[in-house]
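Below are the chains, spelled out letter by letter.
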Amino acid sequence: MSDSNFEHAATYSPEDDKLRIYLSYRLDKEEYQKVKDAGFRDAKKQGCQFAHWTPNREDFCLEMAGEITAEGTTLAERAAAKAERLDALAS
């Protein structure tokens, strides 16, 4: 159930066992440090913060987003997008 008090979105993909947090605004230094301390890393090209699933990280996502939904892209789709980016860089 979505809560309007939460501005960010969180997803989980069982294909790669990763949680992703899609931020709706640029975090301040303190907020960003909390995300890093929770074990999340920046995926700039995907526009999110990501980490492998753990119970603590799931709880952190729930604090940030209120709910965790299914990831909207598959592992194959993300790999294809990365291949396109790398091909463009190689050109």
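Whatever comes next refers back to the structure up there.
Procedures and definitions
Residues numbered from 1 in each chain as written. Predicted model: local features only at pLDDT ≥ 70, side-chain atom pairs only at ≥ 80, totals over all residues. Heavy atoms only, no water. Helix = DSSP H or I, 4+ residues; strand = E, 2+ residues; numbered from the N terminus. Buried < 20%, exposed > 50% of the residue type's maximum accessible area, 1.4 Å probe, protein only. Contact = heavy atoms within 4.5 Å. Areas by Shrake-Rupley, 256 points an atom, 1.4 Å probe, with all protein chains shown as cover. Lys, Arg positive; Asp, Glu negative; His and termini not counted. Charge placed at Lys NZ, Arg CZ, Asp CG, Glu CD. Pairing = 2+ DSSP bridges.

Right, let's get into the overall build of the chain. The number of helices and strands found in the chain is three helices and five strands. Put simply, the chain runs from its N terminus to its C terminus through helices and strands in the order β-β-α-β-β-α-β-α. When the backbone C-alpha atoms are referred to their principal axes, the chain occupies close to 45 × 30 × 25 Å. Evaluated residue by residue, the chain yields a buried proportion of 25% over its 91 residues. By sequence separation, contacts in the chain at least 24 residues apart represent 59% of the contacts at least 6 residues apart. Of the roughly 6400 Å² of accessible surface on the chain, a fraction of 52% belongs to carbon and sulfur atoms. Separation between the mean location of the 13 positive side-chain charges and that of the 18 negative ones in the chain comes to 9 Å.

In this structure, Asp 17 is a non-glycine residue whose phi angle is positive, near 55°. Inspection of the secondary structure assignment puts Asp 17 in the loop between strand S1 (9-13) and strand S2 (18-22).

So, about the pairing of S2. With four of its five residues buried, S2 lies for the most part within the structure. Sheet analysis places S1 next to S2, joined by five bridges and oriented antiparallel. Bridge pairing in S2 places Tyr 12 opposite Leu 19. The loop that links S1 with its antiparallel partner S2 comprises four residues; one of these, Asp 17, has a positive phi angle of about 55°.

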